[in-house]
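A structural walkthrough
Below, each chain spelled out in residue letters.
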Amino acid sequence: MAQADRSTDNWRVPTALTLRRVQGDVAVLASAGLDTASFIEEFLTSVSRAIPHVAACVGTLDPATHLLTGTYKYGDLYGNDDHDIEWAQIEYGDPDGSSFIELLGREVAAWADSQALERNPDRTMRTRDFIKPTYGFGDELRMAARQGTVGWGGIALYRGSHEAPFSQADIDFVATLSTGFAAGLRSGLLVRLEERHPSDTTFGPAVVIVGGDGWAKQVSAGAEALLREMSQERNHASPDATIAGLVAGARRYAAGLTSILPRTRVRVHSGRWLVLHASPLTGAKGDTGDVVVTIEEARPPEIVPLLVAAFELTPRERDVTQLVVQGVETKQIAEALHMSRYTVQDHLKSVFEKADVRSRRELISRIYFDQYAPRMNSELAPSGWFASP
């Protein structure tokens, strides 16, 4: 995305026609079948016509855990990864009302620092204490991307320190784009990549041990290659924030603030899926402050629910799909779900349309995302998983 024009004219209040056109653009983009990076770029190009900004940061989230899976940066933030660990520690360590997780549960999915401070000037805001002194921005507008109760990501827009802050009208307008933005991020997970460059990494689970200062102190064989693979898409920042978010979640677990160990599923540029999870380490005298982050190739049970959610199936369509991938025939599906065979066929037809396939076989391959089915006859690597093709 080209950096926003900072001329005086560009900061005028957008017309109602401009706002409607941007909303129309987003609706078209959301259903265009673009890969994630292309969708975000087109989205920001359109939004900048209504909401000018000097920088933008997009985070994609695992819809099951709402943990970060990737970060894309534009404008004045592009290439600036020096403070990602600190950002993630604030975002996931002690989330305030402006965190993406909090916004996902709010009635209005958008927020701006300037408007929040007007309502509560004594409140210490993440933007005031971290974003402004670190990056020199003047205001931040955030929007959580959600469809129903499912969150797929979030976006933060920034204006310079001497530029007009975001207005309540800006917040309200960006909030109307939440569902469309979520749809685009969701469909980006389903795009079949024309070119694949699978990693030659055949190690078993890779491990990164993160110290109390937030930096990696030990890295196992294969970890660096997997981390590089996580940041190969254009405008994709380093995976530091993703790792730091997991570490912050593990520390919350160690402190008894949550009963769930953090984990997230990441699709890398080659098209394959990884699963990352973190756990606090303890020594003979108790908590050491260190956290172990494990990175490994995701197994089918870990990604099938994510992909089924991305197809936006109805509950009944999910039930049918679950039995189809188990190899159950139509008659048995009808008996198990207490419906007629014709109803099963109707559900299957809808599922095929949403998944862009024509048969059960294609559906199974699509759900396994062409990651496992072509490799079922491959030899096993020393790790106990399929060797790289």
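Up top is the structure these notes are about.
Residues numbered from 1 in each chain as written. Predicted model: local features only at pLDDT ≥ 70, side-chain atom pairs only at ≥ 80, totals over all residues. Heavy atoms only, no water.

1. Side note on the sheet that holds strand β3 (residues 110–112)
One open sheet holds the 5 strands; their spatial order is β2-β1-β5-β4-β3, and the pairing between them is antiparallel. The open sheet has two edge strands, β2 (68–75) and β3, and neither has a second partner. The mean inter-strand angle of the sheet, taken between neighbouring strand axes irrespective of direction, is 15°. Here strand β4 (residues 137–147) runs beside strand β5 (residues 150–160); their pairing, made up of 10 bridges, is antiparallel. Across the sheet, residue Ala144 finds its bridge partner in β5, namely Gly154. Seen against the sheet, helix α3 (residues 84–93) touches β1 (55–61), β2 and β4 and runs at an angle of roughly 125° to β2. Against the sheet, helix α8 (residues 178–188) engages β1, β4 and β5, with an angle of about 70° to β4. (Pairing = 2+ DSSP bridges. Helix = DSSP H or I, 4+ residues; strand = E, 2+ residues; numbered from the N terminus. Axes fitted to C-alpha atoms, helices over the stretch in contact; angles between N-to-C directions. Contact = heavy atoms within 4.5 Å.)

2. Observations regarding the packing of aromatic side chains
Tallied over the full model, the rule gives 6 aromatic pairs. Judged by centre distance (6.0 Å) and plane angle (40°), the ring pair of Phe39 and Phe43 falls under tilted. One end of the pair, Phe39, and the other, Phe43, are both in helix α2 (residues 36–47), 4 residues apart, so they sit about a helical turn from each other. Looking at Phe39, the relative accessible area reads 0%, which means it is buried. By relative accessible area, Phe43 is classed as buried at 2%. Cluster of aromatic residues (ring-pair linked, three or more members): Phe130, Tyr135, Phe137 and Tyr158. The positively charged end of Arg142 is found above the aromatic ring belonging to Phe100, 4.2 Å away from the centroid. (Phe/Tyr/Trp six-rings, centres within 6.5 Å; stacked < 30°, edge-to-face > 60°. Buried < 20%, exposed > 50% of the residue type's maximum accessible area, 1.4 Å probe, protein only. Lys NZ or Arg CZ within 6 Å of the ring centre and 35° of its normal.)

3. Observations concerning the packing of helix α14 (residues 341–355) against helix α15 (residues 360–367)
Their axes nearest at 11 Å, the elements α14 and α15 cross at an angle of 50°. On the basis of the axis angle, α14 is oblique to α15. Pair α14 / α15 crosses with left-handed handedness. For the pair α14 and α15, the contacting residues are Leu348, Val351, Phe352 and Ala355 in the first and Arg360, Leu363 and Arg366 in the second. (Parallel < 35°, antiparallel > 145°, perpendicular 65-115°, else oblique. Left-handed = near helix turned anticlockwise from the far one by under 90°.)

All we've got here are geometric facts, nothing functional implied.
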